[in-house]
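# Commentary on secondary and tertiary structure
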Amino acid sequence: MNKSLLIISRQAPWSGPGAREALDIALAGGAFDLPIGMLFLDDGVFQLCAGQQPSRLQQKDLGANLQALPMFGVENLYASQRSLVERGLGDSELNLAIERLDDNALTALLNRYDQVITL
């Protein structure tokens, strides 16, 4: 039986390699049918914003990878309600369907997964 894996992405999309690495791990694990969830926390919630312009920073767009997550079996996508509110992000700014979790629900989520990776 495969162990479940929760990937916590805490970095803004262009602040370093963490956001891309988290997505790569999720996509690779999903391709191998691992039970994977992904949590966007702190500045990681900025990855969910629509209308990013990565070409200005000579970067590749993460949006396509995010949209591919459900196609790779990564359907459990979560975001911290507190992180979204602190950064002024509402549903209209997000380009991906996620489940918003309060602090109590975040604790319960962490306890549901066998392994947790934070990037």
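You'll find the structure just up there.
Conventions and cut-offs
- Residues numbered from 1 in each chain as written.
- Predicted model: local features only at pLDDT ≥ 70, side-chain atom pairs only at ≥ 80, totals over all residues.
- Heavy atoms only, no water.
- Helix = DSSP H or I, 4+ residues; strand = E, 2+ residues; numbered from the N terminus.
- Buried < 20%, exposed > 50% of the residue type's maximum accessible area, 1.4 Å probe, protein only.
- Contact = heavy atoms within 4.5 Å.
- Areas by Shrake-Rupley, 256 points an atom, 1.4 Å probe, with all protein chains shown as cover.
- Salt bridge = Lys/Arg side-chain N within 4 Å of Asp/Glu carboxyl O.
- Polar contact = N/O pair within 3.5 Å; in protein donor to acceptor, adjacent residues only side chain to side chain.
- Core = buried A, V, L, I, M, F, W, Y, C linked by side-chain atoms within 4.5 Å.
- Expected span 1.5 Å × (residues − 1).
- Arc of directions from axis to C-beta.

Helix and strand counts for the protein chain come out as four helices and five strands. Each helix (α) and strand (β) of the protein chain, taken in turn from the N terminus, gives the series β-α-β-α-β-α-β-α-β. Counting across all 119 residues of the protein chain, residues that qualify as buried make up 41%. If you take every contact in the protein chain between residues at least 6 apart in sequence, the share linking residues at least 24 apart comes to 75%. When the accessible surface of the protein chain is split by element, carbon and sulfur atoms take 50% of a total near 6,600 Å².

Here we take up the pattern of salt bridges. Tallied over the entire structure, the rule returns five salt bridges. Between Glu-86 and Arg-87 there is a salt bridge, and its shortest N-O distance comes to 3.4 Å. With a relative accessible area of 54%, Glu-86 lands in the exposed category. Arg-100 is the partner of Asp-91 in a salt bridge, and the nearest nitrogen-oxygen pair spans 2.9 Å. A relative accessible area of 58% places Asp-91 in the exposed class. The network of salt bridges with common partners includes Asp-43, Glu-86 and Arg-87.

Inspection of the secondary structure puts Ser-9 in strand E1 (residues 5-9). A residue is classified by how much of its surface remains accessible, and Ser-9, at 0% relative accessible area, is buried. Among the polar contacts listed, one links the side chain of Ser-9 to the side chain of Gln-47, at a separation of 2.6 Å. Sequence-distant contacts of Ser-9, that is, excluding residues within four places in its chain, are made with Ala-19, Ala-22, Met-38, Leu-39, Phe-40, Leu-41, Gly-44, Gln-47 and Leu-119.

A few words now on unusual backbone geometry. Although it is not a glycine, Asp-33 sits at a positive phi angle of roughly 60°. On the secondary structure map, Asp-33 appears in the loop between helix H1 (18-31) and strand E2 (36-40). In the Ramachandran plot, Asp-42 falls in the positive-phi region, its phi being about 55° despite a non-glycine side chain. Assignment of secondary structure puts Asp-42 in the loop between E2 and helix H2 (63-68). Since its relative accessible area comes to 22%, Asp-42 is described here as partly exposed.

Our focus in this paragraph is the nonpolar core. Core analysis: the biggest nonpolar cluster contains 25 residues, and Met-38 and Leu-69 have the highest contact counts within it. The dominant element in this core, judged by the number of residues it contributes, is H1, at five residues. The residues contacting Leu-69, other than those within four sequence positions of it, are Leu-23, Ala-26, Leu-27, Met-38, Val-74 and Leu-77.

The next thing to look at is H1. For H1, with 14 residues, the first-to-last C-alpha span of 20 Å sits near the 20 Å given by 1.5 Å per residue. For H1, the set of buried residues is Gly-18, Ala-19, Ala-22, Leu-23, Ala-26, Leu-27, Gly-29 and Gly-30. Buried residues of H1 fall within an arc of 170° about the axis and therefore sit on the same side. On its buried face, H1 sits against E1, E2 and H2. Downstream of H1 by one or two residues, Asp-33 has phi in the positive range, about 60°.

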